[in-house]
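A structural walkthrough
Here are the chains, one letter per residue:
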Amino acid sequence: MSILKPSEKSDVVLVIREAGPIAAALRAALDGAAPEERAGLERAVALAEAAAGVSDDRVRADWVRARLAEAGYDGEIDSVRAVRALRQAEPRLTLLAAVQLQKAALAHPE
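The present account deals with the structure reproduced in this document. The model shown is predicted, which means the values in this text are computed figures rather than measured ones. (Residues numbered from 1 in each chain as written. Predicted model: local features only at pLDDT ≥ 70, side-chain atom pairs only at ≥ 80, totals over all residues. Heavy atoms only, no water.)

Each helix and strand in the chain was counted, giving five helices and zero strands. In the chain, which comprises 110 residues, the share counted as buried stands at 25%. Long-range contacts, defined here as pairs at least 24 residues apart, represent 59% of the contacts in the chain between residues at least 6 apart. Accessible surface for the chain amounts to roughly 7,400 Å². Of this, 57% is attributable to carbon and sulfur atoms. (Helix = DSSP H or I, 4+ residues; strand = E, 2+ residues; numbered from the N terminus. Buried < 20%, exposed > 50% of the residue type's maximum accessible area, 1.4 Å probe, protein only. Contact = heavy atoms within 4.5 Å. Areas by Shrake-Rupley, 256 points an atom, 1.4 Å probe, with all protein chains shown as cover.)

The next subject is the side chain of T94. Inspection of the secondary structure assignment puts T94 in the loop between α4 (80-89) and α5 (95-107). On the basis of relative accessibility, which here comes to 15%, the residue T94 falls in the buried class. A polar contact of 3.1 Å, which involves the side chain of T94, links it to the backbone nitrogen of A97. (Polar contact = N/O pair within 3.5 Å; in protein donor to acceptor, adjacent residues only side chain to side chain.)

See the structure below:
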């Protein structure tokens, strides 16, 4: 759900993550799990906790790369073309927001 109208642009890019609460719920399920469920739940807890530990800038960087790949862009991330492709893929991004996201991607290489 978005609070922006489809035609509105925004300089603000929020990272909304659910990994923390999901990890807590999985850990609670693990506490009462049957022996045959433990291995799978332990792996799920480890994955959720790892995701919760990733920085917001890393999440933004990964999101930028994913959006550019989905848009068919395969050039350098530090180019003007990358910013243009990102804004075409996400039309509500302002130029400022797209450049900030580009910087996050450059600061966190794959």
